[in-house]
Structures are given as C-alpha cells and as structure tokens.
Amino acid sequence: MKLGIVGLPNVGKSTLFNAITRAGALAANYPFCTITPNTGVVSVPDERVHWLAELYHPRKATLATVEFVDIAGLVRGASRGEGLGNRFLSHIREVDAIVHVVRCFEDDNIVHVDGRVDPLRDMETITLELILADMEAVQKRGEKARKLFKTGDKKYEFEAAVADKLLATLEAEQPARLCPLSAEERAVAADWFLLTDKPLIYAANIAERDVGRDHRSLPMVQSVMALARKERAEVVVVSAQIEQEIASLPQEDKQLYLDELGIHTSGLDLMVQASYRTLGLISFLTVGEDECRAWTITQGTRAPQAAGKIHTDFERGFIRAEVVPFDTLKHHGTMAACREKGLVRSEGKEYVMQDGDVTLFRFNV
C-alpha cells in the first residue's frame, strides 16, 4: 500500500513525513523544499502479531507495511506547470490513496504561500488543480476513443461515453470519485489512473496547543470535516510537531507520552487505520516457529487468493484453509486448546477471509 502525502507548501507535509517514517526528509520554511518525492516504509502497528510472537517465539515477527511518499507542495496553476508543475502530479498517479495535509493552525513564523491560513481555500486549491489535470486526461481519452470507434469496435463507443460522464462531473468542479458510474464504467475509468478518483484522507494539521482538545472547539478542523463529508473523504486530526516529538522517544515511553497528552493513539496509527478503511483492506495472520506475520488483503478476498499472497504455489495447489479467529485463539490461549474445542474451522475455496483470521493453508502441487 502506497500513500501519497500532498498539500500546499509549508502546511507540514515533510514534518509529518519525517515523524511517521523517520526518513529524514528535508523540512524547511520555504516553498518547494521537497523537489523529488521522498519515500519511507513503515510497519503497520498490530498488537495481534506481537501477542502471537509471545505465544510461538518465532525466529521473526513481520508486520504489514505502508509506504509513504512525500510529494512536492502543489500550488495554484500546478496543472498548467506552475510551481514544480505536472511532473509532480504524475507522482500522485502512482499511489493507492492520497493523504492531503491541510494547515489548521496560525503561526506568524511559518509563511503561507497565499498569505494567510484558510483551510477551505487551501483544500479547494489542491482539489481544483487535480481536477484540471484529470480533465485534460479524460478529454484525451475521449478523443482517442471516438477516433478508434470509427474502426467499428463497439468498446470504444462505451469508453467515449464514460469519458463524457466523467468530464461533466469534472467540469462541475467535482472529483471523479463522485461521478455516478456503474461498476463496468468504473472498471474502464480505473485504467486511466485519475487523480481525483483515488481514495482521499485529509490530515488536519493542528497546533501543539490544540492537541487533546475537543475537535468541535476548533473551527478550522470543523471546516475540513464538513468539506470532507461532501467529498466522501476521511479526516485524521494530527499535530505534525507532536508526531515528530513522539518519533524521537524510546518505544517504551511513547504510550506514556500519548496518555499524558490525552490522545492515546498516534497520528501514524490513525492514518493507517483510515487508509485501511478507505482502501477496504484487512489483515489475516499466519503463525509458526519460523515466523508470525500479518498479510494485507482486500475485503472480499477468498481463501485461495489470500494463500497466493504468501506464494503462488499455495493458490495453485489450494486444498483448504484451517482458520481460527484471533480473538478466539487469544481467549483460549493456544491453538491446541482451540482444536480440542472444535473451534478451528476447515474452509474451502469459496471462503471469504475475515480480518484477524489466523490461518494455516493446506496445499498440494
């Protein structure tokens, strides 16, 4: 899973990126300090894996991972090449979901590219630039489909109709994800990698002094949430500066510091949880003496395809999956106890995997 961090210059993108990845991306108080995208891979926090490791004492415990990409700050006119221009819009096409960092704090010492802080204006600026870039892409797709339709292939007539639908939505300054497309139409549009069709998470970056406060008392955050609801987007409230402080602490001190702040959950955890919901992802678990591991799959994945995430031979020679829910295993303490009570199920090819399934795949090739 790859998440692209975008936003106007100086909204806290790189500070947040540094905090959650410890990758050391440059964070400076001037526009366009991020020129090439910085990337960092972080583990997905999962207490279930740690509990299983305590039970099995494997040679290694492996968490699922998320890749964050810190993309250069966009400005008004980016779709026409302003600022650092279209080549940075292309970096957004490569990610699975977008994390749009929105500045929700005042600070005279940190310049704002538009002179003053206004979350709604900032959100609309970025969204409009992505919409304009998508309009150009959709127009080209539509023109190409109409030319090819003259060859007699009916699929191009369908593609042209999809392009027309999308263009109408984009011209109304609405993101492509809000276009009322059928499943078949959306499958066609998926191959176009439209920027505004990607799942979106807003990260409302608040001041340190606002951490732990009721979000209803923060007008800037409320404005972000209101617009996000209209756009069918998630909102995560974070303080990039606090996240940076958390990242610098020893592991054993982090939770204590979070509890003192009254927030209990780090921004990274909140973002990962939001990205899993937004992308429709779940994790199943495998155990053994060699490794305890979390595997990320999409909701609705059947057992053979989940097995294929581990190795293609597992899917090709799939016989059955032996499954016990993690909570059941934790309650009874051991796999042997679960087997004795008949709680380990044998599931076939049609079984749809559930989050937290502790699974042993049987196969033969």
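Computed from a predicted model, the values in this text were never measured in an experiment.

(A) Representation of the overall build of the chain within the structure. Helix and strand counts for the chain come out as 14 helices and 12 strands. Across the 365 residues of the chain, 48% fall into the buried class. Accessible surface, the chain: about 17900 Å² in total, of which carbon and sulfur atoms supply 49%.

(B) Local environment of the environment of Lys 140. Tracing the chain through its elements places Lys 140 in helix 4 (residues 119-149). For Lys 140, a relative accessible area of 52% gives the class exposed. Along the sequence, Lys 140 and Ala 163 sit 23 residues apart, while their C-alpha atoms lie 9.0 Å from each other.

(C) Seen up close, the pairing of strand 6 (residues 200-205). Counted residue by residue, strand 6 has 6 buried out of 6 residues, so it is predominantly covered. Every second residue of strand 6 is oriented toward a common face, with Leu 200, Tyr 202 and Ala 204 on one face and Ile 201, Ala 203 and Asn 205 on the other, all of them buried. The sheet contact formed by strand 5 (residues 97-103) and strand 6 spans 6 bridges and is parallel. Bridge assignment links Val 99 to a residue of strand 6, and that residue is Ile 201. Note that strand 6 and strand 7 (residues 234-238) share 5 bridges and pair parallel. Counted as the bridge partner of Ala 204 is Val 237 from strand 7. Traced from strand 6 through helix 7 (residues 219-231) to strand 7, the parallel crossover comes out right-handed.

(D) Expanded view of the sheet that holds strand 5. Judged by pairing direction, the sheet is mixed, and its 6 strands sit side by side in the order 2-4-1-5-6-7 without closing on themselves. Looking at the sheet topology across the chains shown, the edges are occupied by strand 2 (38-43) and strand 7. For this sheet, the mean inter-axis angle between neighbouring strands, taken without regard to orientation, is 25°. The strands that helix 4 touches are strand 5 and strand 6; relative to strand 5, the one it contacts most, it runs at about 145°.

Analysis parameters
- Residues numbered from 1 in each chain as written.
- Predicted model: local features only at pLDDT ≥ 70, side-chain atom pairs only at ≥ 80, totals over all residues.
- Heavy atoms only, no water.
- Helix = DSSP H or I, 4+ residues; strand = E, 2+ residues; numbered from the N terminus.
- Buried < 20%, exposed > 50% of the residue type's maximum accessible area, 1.4 Å probe, protein only.
- Areas by Shrake-Rupley, 256 points an atom, 1.4 Å probe, with all protein chains shown as cover.
- Pairing = 2+ DSSP bridges.
- Right-handed = clockwise from strand over helix to strand, strands pointing away.
- Axes fitted to C-alpha atoms, helices over the stretch in contact; angles between N-to-C directions.
- Contact = heavy atoms within 4.5 Å.

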